[in-house]
Amino acid sequence: MTTIMADKVEINIEDGKWRLYNLEGANSLSPFFYTVRGTRLLYYVVRFGEARQLPGDVLSADYVKAVVVGFDEKSKRWLLGLQVQLTETEKPRFVELVHWPEGDEEQAGADGHKAGRILAEYIGCPLKLFGVKKATAAQSTATGTLPRVTGPLEPHRRVDIEPQRARLKAEAIPLPISAGGLWLGAMRNGYTLRISKEAEQSKEPGEAPAYNQCVIDKESQTVRLMPQTGLLGAFLGPQGRSIKFSEVRNVELRHSLLHESSTRKDEDGLDVDITKTKELFGIYLTLADESLLLAQLQHVATSELTRHRAKTKTLMDGDFNAENEMAYLRLHQREQKRHDEAVEFTESAAYVIAGAINRPLVKTEVGEEPV
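Residues numbered from 1 in each chain as written. Predicted model: local features only at pLDDT ≥ 70, side-chain atom pairs only at ≥ 80, totals over all residues. Heavy atoms only, no water.

A.B. asks: Give me the lowdown on the overall build of the protein, citing residues and values where you can.
C.D. replies: The helix and strand tally for the protein stands at 6 helices and 21 strands. Taking the contacts inside the protein whose residues are at least 6 apart along the sequence as the reference set, 57% of them involve residues at least 24 apart. Of the roughly 18,900 Å² of accessible surface on the protein, a fraction of 51% belongs to carbon and sulfur atoms. (Helix = DSSP H or I, 4+ residues; strand = E, 2+ residues; numbered from the N terminus. Contact = heavy atoms within 4.5 Å. Areas by Shrake-Rupley, 256 points an atom, 1.4 Å probe, with all protein chains shown as cover.)

Here's what the structure looks like:
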């Protein structure tokens, strides 16, 4: 759950719902404005709609040109609202949803950008910025590149799974499995995890596994790590590394999120937010004084794709192009498949490894909580 406090208003984002509550009085227990991710409908109380010249108590996102966030020089406060166009003949106008107390506070800018970014993704429209300097900088969480000891140093959420449950789950996983240049399969006395030179994780800067093969030998009760060839292999030594099962505290399955924002100008001269969201899925061995990365997959998505609204031909869509819409749909499907493959492989591999060495499996979430 994400909760953001504004001026006399609380923004609550949880379970695919984006809601506004008053801190006191009417609509402090039930929202006066809300939307549900994917429905592309905005609900509000009649009084709220009347004050903003909106029809009835529900509005289709077809009439919303953009979510808008910025610092208003006239009122000297941060605002969050919608750019609405109800008819073809009228010009788009700004409809305020919420504002922050007077003053150019950095936290208000960051909160407005975050709330606006999520709302734009929920209803499928661009996020536009005005008068914004601070919010256009990178908004990042959980890079996964800090020194590690026995788990994430950043604030994180954690679920512990006992060894017996991990073993039962592992027994139901058919092997071999592969994804993104990673391969895991069974051998006579255990399992082998291989990382190819073309693996996705080797193409990006940041933390990466130091070994390209991991052998889990149940007979000798050891995890043997083979180094990469070339200069790195020569530095690590030809023998690689051998770790006894008894030295492993747990196997960690870590999901990290990183958001990076940039902008481009639109036809109205406003900055359009382009947010790149990187997800890292890593498998670690937790030892007494370090977390050792065994394997990692990543998935990167941009807000231009996630906020794209699927269109059908309507009177409001004079620029409808069926071929472009099908191309977007196919791209969505490919990206979702890549994401699901990364999730499925790393989770399955983590269960197999934890079950093989009879250690707990720890699932951690680092970065912005999924909303």
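A.B. asks: A description of the sheet that holds strand 13 (residues 182–187) should follow, citing residues and the corresponding values.
C.D. replies: Strand order in this open sheet of 6 strands is 12-13-14-15-16-17, and the pairing throughout is antiparallel. Either end of the sheet is taken by a strand with one partner, and the two such strands are strand 12 (177–179) and strand 17 (241–244). Put simply, the sheet's adjacent strands are angled 15 degrees from each other on average, direction ignored. As judged from the 3 bridges shared by strand 12 and strand 13, these two strands associate in the antiparallel manner. Bridged to Ala-179 within strand 13 is Leu-182. (Pairing = 2+ DSSP bridges. Axes fitted to C-alpha atoms, helices over the stretch in contact; angles between N-to-C directions.)

A.B. asks: I'd like a description of the nonpolar core, backed by residues and values.
C.D. replies: Grouped together as the largest cluster of nonpolar side chains are 39 residues, with contacts concentrated most on Leu-285 and Phe-345. The greatest single-element share of this core, amounting to 10 residues, is contributed by helix 6 (residues 322–357). Those residues within four positions of Phe-345 in sequence are excluded, and the remaining contacts are Ile-177, Ser-178, Ala-179, Leu-182, Trp-183, Leu-184, Leu-193 and Leu-297. Core analysis: the second largest hydrophobic core is formed by 37 residues, Ile-11, Phe-32, Val-67 and Tyr-122 among them. (Core = buried A, V, L, I, M, F, W, Y, C linked by side-chain atoms within 4.5 Å. Buried < 20%, exposed > 50% of the residue type's maximum accessible area, 1.4 Å probe, protein only.)

A.B. asks: I'd like a description of the sheet that holds strand 3 (residues 17–22), backed by residues and values.
C.D. replies: Two strands in a sheet stick together by hydrogen bonds in their backbones, pointing the same way (parallel) or opposite ways (antiparallel). Spatial strand order, 1-2-3-4-5-6: 6 strands in an open sheet with antiparallel pairing. Lying at the two open borders of the sheet, with one neighbouring strand each, are strand 1 (2–5) and strand 6 (58–60). Recorded for the sheet is a direction-independent mean angle of 20 degrees between the axes of neighbouring strands. Pairing of strand 4 (residues 33–36) with strand 5 (residues 41–44) involves 3 bridges; the strand directions are antiparallel. Paired with Phe-33 across the bridge in strand 5 is Tyr-44. The sheet strands contacting helix 2 (residues 106–123) are strand 1, strand 2 (9–14), strand 3, strand 4 and strand 5, and the helix crosses strand 3 at an angle near 130 degrees.

A.B. asks: Before we move on, could you go through the packing of aromatic side chains and cite the residues and values that matter?
C.D. replies: Scanning the model with the defined rule gives 6 aromatic pairs in all. Plain terms: the ring middles of Trp-18 and Phe-33 are 6.1 Å apart, the flat faces sit at 90 degrees to each other, and that makes the pair edge-to-face. Here the residue Trp-18 occupies a position in strand 3, and Phe-33 occupies one in strand 4, the gap between them amounting to 15 residues. Across the pair, Phe-33 and Trp-18 agree in class, each one buried. Both rings, one in Tyr-44 and one in Phe-48, keep their centres 5.9 Å apart while their planes meet at 45 degrees; by these two values the pair is tilted. Phe-48 sits in the buried class, given a relative accessible area of 5%. Joined through ring pairs, the aromatic side chains of Trp-18, Phe-32, Phe-33, Tyr-44 and Phe-48 make up one cluster. Lying over the aromatic face of Tyr-351, Lys-169 brings its terminal NZ or CZ to 5.7 Å of the ring centre. In this arrangement the basic side chain of Arg-254 is found over the ring face of Tyr-284, its NZ or CZ atom lying 3.8 Å from the centre. (Phe/Tyr/Trp six-rings, centres within 6.5 Å; stacked < 30°, edge-to-face > 60°. Lys NZ or Arg CZ within 6 Å of the ring centre and 35° of its normal.)

A.B. asks: Which residues make up unusual backbone geometry, and what values go with them?
C.D. replies: Here Leu-175 and Pro-176 are connected by a cis peptide whose omega angle stands at 5 degrees. Note on placement: Pro-176 falls in the loop between helix 3 (163–171) and strand 12. For Gln-221, which is not glycine, the phi dihedral falls at a positive 60 degrees. Here Gln-221 shows up in the loop between strand 15 (211–217) and strand 16 (222–227). Residue Gln-221 is classed as partly exposed on the basis of its relative accessible area of 41%.

Limitation: the analysis is restricted to geometry and does not speak to function.
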